Amino acid sequence: MSLLLSWFHLRRRLRCPKIRCCNQRASSVRIEKNYYELLGVSVDSTPQEIKEAYRKLQKKYHPDIAGQQGHEHTLMLNEAYKVLVRDDLRRGYDASIGNTRVRLGRNNGVAGYSSWNGALRPHALFVDENACIGCRECVHYASNTFLFDEAVGCARVKVQYGDDDRKIEVSVESCPVNCIHWVDKEELAVLEFLIRPQAKEGKGVFGQGWERPANVFMAAKSFNRQLKQQADNHRDNVGAAAEEETPAQAEARANASMKIEMEKYSVFWNLVKGIFWNK
Amino acid sequence: MAEQQYTVASDSETTGEEKSSSTYPDIAIGVDIGTSQCSVAVWNGSQVELLKNTRNQKLMLSYVTFKDETPSGGISNQLNHEYEMLSGSTIFNMKRLIGRVDTDPVVHASKKLPFLVQTLNIGVRPFIAALVNNAWRSTTPEEVLAIFLVELRAMAELQLKRPIRNVVLTVPVSFSRFQLTRIERACAMAGLHVLRLMPEPTAVALLYAQQQQQTVHENMGSGSEKNALIFNMGAGYTDVAVTATAGGVSQIKALAGAAVGGEDILQNMMGHLLPDSEGLLLSHGIKDIRRMGMLRVATQDAIHRLSFQTSVKVDVDLGNGTNICRTINWEEFEEVNLKVFEKCESLIRQCLHDAKVDIEDLTDVVLVGGCSSIPKLRTLVKDVCKKQELYQGMNPLEAAVAGAALEGAVASGVSDPFGNLDLLTIQATPLAIGVRADGKEFVPIIPRNTTMPARRELSFTTTHANQTEALILIYEGEGTKVEENHLLGYFKLVGIPPAPQGVPEINICMDIDASHVLRVFAGVMMPGSEHPVAPFMEVRMPTVDDGHGWCAEVLHRAYGSTLDLVTVHKK
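Everything numeric here is computed off the predicted structure, so don't read it as measured data.

### With respect to the interface of chain B and chain A
Size of an interface: often given as the accessible area lost when the parts come together. At the junction of the two partners, chain B supplies 39 residues and chain A supplies 31 residues. Summing the contributions of chain B and of chain A, the shared interface buries around 3100 Å²; its carbon and sulfur component is 52%. For the pair chain B and chain A, the interface holds five salt bridges. Put simply, Lys-59 of chain A and Asp-422 of chain B hold a salt bridge, and the shortest N to O gap is 3.2 Å.

### Describing the packing of aromatic side chains
Residue and element names in this part refer to chain A. With the rule as written, the count across this model stands at nine aromatic pairs over all chains. Every member of this aromatic cluster is reached through a ring pair, and the members are Tyr-35, Tyr-36 and Tyr-93. When the ring centre of Phe-148 is taken as reference, the NZ or CZ atom of Arg-136 above it lies at 4.1 Å.

### Some words on the pairing of strand E11 (residues 166–171) of chain B
All names here are of chain B. The element E11 is largely enclosed, with a buried count of six among its six residues. Burial along E11 is two-sided: Asn-166, Val-168 and Thr-170 and Val-167, Leu-169 and Val-171, pointing in opposite directions, are all buried. One ladder, built from three bridges, connects strand E1 (residues 29–33) with E11; its direction is parallel. Within the sheet, the bridge partner assigned to Val-31 lies in E11 and is Leu-169. Both E11 and strand E12 (residues 193–199) contribute to a ladder of six bridges, which runs parallel. Across the sheet, residue Val-167 finds its bridge partner in E12, namely Val-194. Between the parallel pair E11 and E12, the chain is carried across by helix H6 (residues 177–189), and the sense of this crossover is right-handed.

### Structural notes on empty space enclosed by the protein
Residue and element names in this part refer to chain B. All chains considered together, the criterion is met by 10 cavities of 30 Å³ or more. Here the largest cavity defines a volume of roughly 210 Å³. Along its surface, the largest cavity is lined by 21 residues, and Leu-197, Pro-199, Gln-427, Met-452 and His-516 are the ones closest to its centre. The biggest single contributor to the lining of the largest cavity is E12, with four residues. Counted by class, the lining of the largest cavity contains 13 nonpolar, five polar and three charged residues. Each of two domains, domain 1 (2–198 + 400–426) and domain 4 (432–567), supplies a minimum of three residues to the lining of the largest cavity.

### Some details on the sheet that holds strand E8 (residues 116–118) of chain B
Residues and elements named next belong to chain B. If you walk across this open sheet you meet the three strands as E8-E9-E10, and the pairing is antiparallel. Each edge of the sheet is formed by a strand with only one pairing partner; in this case those strands are E8 and strand E10 (135–139). Within the sheet, the average angular offset between the axes of one strand and its neighbour, ignoring direction, is 35 degrees. As paired elements, E8 and strand E9 (residues 127–132) share three bridges and run antiparallel to each other. Paired with Val-117 across the strands is Ile-128, a residue of E9.

### Considerations on helix H9 (residues 165–174) of chain A
All names here are of chain A. Within H9 the residues assigned to the buried category are Ile-168, Ser-171, Val-172 and Ser-174. For H9, the angular spread of the buried residues around the axis is 160 degrees, confining them to a single face. Exposed positions of H9 whose direction lies more than 90 degrees from the buried face are Arg-166, Glu-169 and Glu-173. Among the structural elements, strand E2 (123–127), helix H8 (137–141), strand E3 (146–149) and strand E6 (180–184) are those in contact with the buried residues of H9.

### Brief notes about the environment of Val-167 of chain B
Residue and element names in this part refer to chain B. Among the secondary structure elements, Val-167 is positioned in strand E11. In this structure Val-167 comes out as buried when scored by relative accessible area, which is 0%. Excluding residues within four positions of it along the chain, Val-167 makes contact with Ala-28, Ile-29, Val-31, Leu-192, His-193, Val-194, Leu-195 and Arg-196.

### As for the pairing of strand E2 (residues 37–43) of chain B
The two faces of a sheet get side chains in turn, since along a regular strand they alternate between them. Residue and element names in this part refer to chain B. Counting buried residues along E2, six of its seven residues qualify, which places the element largely inside the surrounding structure. Bridge count between E1 and E2: four bridges; the pairing is antiparallel. When the bridges of E2 are listed, Asp-32 appears paired with Ser-39. Connecting the antiparallel pair E1 and E2 is a turn made up of three residues. For E2 and strand E3 (residues 48–50), the ladder comprises three bridges, and the chain directions are antiparallel. Its bridge partner being in E3, Trp-43 is matched across the sheet by Val-48. Between E2 and E3, which pair antiparallel in sequence order, lie four residues; one of them, Gly-45, sits at a positive phi of approximately 110 degrees.

Here is what the cut-offs are and how they apply
Starting afresh in each chain, residues are numbered from 1 along the sequence in its written order. Throughout, the order in which chains and ligands are written sets their labels, letters from A for the former and numbers from 1 for the latter. A pLDDT threshold of at least 70 governs which residues receive local features in this predicted model, and a stricter bar of 80 or more applies before side-chain atom pairs are shown or counted, although totals over entire chains, interfaces and linings include all residues. The side-chain numbers reported here are obtained from all heavy atoms of the structure, hydrogens and water having been left aside. Contacts are assigned to residue pairs with any non-hydrogen atoms lying within 4.5 Å of each other. What gets called buried area is simply the loss in accessible area from a 1.4 Å probe that two parts show on being joined, summed for both. Whenever a carboxyl oxygen of Asp or Glu lies within 4 Å of a side-chain nitrogen of Lys or Arg, that contact is scored as a salt bridge. The criterion for an aromatic pair is that two Phe, Tyr or Trp rings (for Trp, the six-membered ring) have centres within 6.5 Å, with stacked assigned to planes under 30 degrees apart, edge-to-face to planes over 60 apart and tilted to the rest. Counting as a charge over the ring demands two things of the Lys NZ or Arg CZ atom: a distance within 6 Å of the ring centre and an angle within 35 degrees of the ring normal. Exposure is judged per residue with a 1.4 Å probe applied to protein chains only, and the accessible area is read against the type maximum: over 50% gives exposed, under 20% gives buried, and values in between give partly exposed. Secondary structure is summarised from DSSP: a helix means a run of H or I of at least four residues, a strand means a run of E of at least two, and numbering begins at the N terminus for each. DSSP calls a pair of strands paired once it identifies at least 2 bridges connecting them. Orienting the strands away from the viewer, one traces the path from the first strand over the helix to the second; a clockwise path indicates a right-handed crossover. Grid spacing is 1 Å over the protein atoms alone, the probe is 1.4 Å, and a cavity is where that probe fits but cannot get out, while a pocket is an open set with protein on both sides within 12 Å along at least five of seven lines and lining residues have an atom within 4 Å of a point. Grid points are joined across faces, edges and corners, and a volume is the space filled by probe spheres set on the points. Each residue is assigned to one class: nonpolar for Ala, Val, Leu, Ile, Met, Phe, Trp, Tyr, Cys and Pro, charged for Asp, Glu, Lys and Arg, and polar for all the others, Gly among them. Boundary definitions for the domains trace back to an automatic or database domain assignment. An axis is simply a line fitted to the C-alpha atoms; with a helix, the fit covers only the stretch in contact. Between two such axes, the angle follows the N-to-C directions and lies from 0 to 180 degrees. Note that the arc is defined by the directions from the helix axis to the C-beta atoms.

Okay, structure coming up:
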């Protein structure tokens, strides 16, 4: 029976991944992981790393080792591996989850490149690397806040408010091209995401390399607009789809996944019960 | 009753960890029942050990002799002479007969064996019989195998001084699920529970994985990924696997196999030495059986000697004025068996293609099985894989059973302090499984070489307006038409709401777990609702029993295309 229920669960998951990610918040179903999280690898990991992670997890969850309980988990691992190890499938999958990733980054406000020292503040520092001439003045005055990326030849914010306010003020003033900006903390993640050079698709030997938007602030604006549009579409879809699932079904689904979770603890649970009854 | 015990045993499997701490852990033994030879191995706590019978043999001939009231098998029985096995009273080559119908070409080829194989060519189980006191006494391949397994179990229990229940069996890649159920039934008759069925080359792959890991431990090097091609050719079957191995995990990339083996080579050679032997081989008269036995022994001997010398002289007097005296050399041998070798080559190429592994990326090529010492085969495998040398590290006749014993230990939850059991095989499905749809097309739902455990689903719809029932036929195989594949089972999905053609969504989901059990789920959805309109069906496959050869035809005659399905093309 549990197999059948979990099949329902899987069906829904396969068919409309977007519904799933909203419903989990509404009905407190266990948090579904994306394929990268499932395999415990970073989004930019190499196929070799993915293979290694897959094998390591298989050694833990494969039914040969974990018994029949490992069946469901291994199915998911197999699915994740199948997608991530093939270049074409992985690209498609990245496109389908890529947006969520960046949006989450913006909502949290801290998931960009730089980390925060102390409490969040409404404004944050951002170096426009397009304008930076690599003079290292800022690194000299506030070495805990800025770092110099030798590979790119630009300064970058390492830790927001890594030094005291006076030092930061001096370092911002010291910039000969005024490329250190104060931005809203909500903007930061998108700006830091966009300023990172992106691999450019080349044609033969021409046009390969790395690129970033010429005006990062304009790019951020249009990027945000795009995200908003997608979020709207997403909400519409969710609105339509949410109606399709009746409370009874949601409950059944929640029960099914809870049962899967509980199975892990059943040995322990029986033990506890045993002690209780003996007393 | 047997079914009941079966279930209980598989439940207790989950508590394997507790068991392993006891003095006599219930470690599953590895069993390799070959077409001609058989062996048993077990993990003895530090390594794999092959069990020997009372005559100190590790490799025992797979046969059962029906002499008097009690039949005796190759484990305990001592043959007085080679001819005794060929006197008609002994059944062998069970593996080529089990689970096959009498229209199968492999069964027809078996009619040339000394015992009686009768075919009626209607798609039922062939009639087989052994000559006992001048009478043909009937039996079945399952029964013969079960008698053999009872002896095997008794031998293992005596050696290990504990009851044996769980076994890991190696099987050919090309075995259909129906054949596997016959093997399982024979095991159940012998009181054994099949913990895992392993395609033979994947058992070898597991042994290879263990050996690679040990080398890594010794050299303290990094466990880089190694691709290996495993070619296993025995008396009855030829199997190929491509595996990617790293850190003790053997990941099967692709499998390929066919019912081609040493038996075919032997029959080709017999036909070559005595061109009009067909009549002699098929007649089964008392004198003819004896002459046929002499021819078989002489040919077999010649083939064995050809592995070490470039030409052999065959000199045998079959009586009745027939005398064979001629010299056979390599060229002649290779020419006679050209088709066999061509098939081997195509299997290797197909497997490499399916695995998407380039020949240059192969680290090792492993050649095992009873035919592995044939010089032509060695050069052929080396040439196709562009390798100078074949992998040396394993005994070609014991590799499969050793791998099965390793899997038995791993799946029984045994761990080894030295990390020798830090192993895992990630299996792939050897054959595609799908349903009949779009007329007589075979629509695969779980394709070949899908990583196991696997679960896939596909949507279908009705072919007629107001069609309220759908007949679901499950097939397994490699062909694109259902006729080329094996029927596994069928059931009817009822309660489809009347609707125009193509509106109801019939969802079929297939689930294969690690012990290779296939479950099929089917249900109907109507557009606009996420509720299934009727309870789902859950069917464990295969459901067909004997006589499955004509099931599909009868179903077609009874229902025509009234209950057909078509695939839904995703937009």
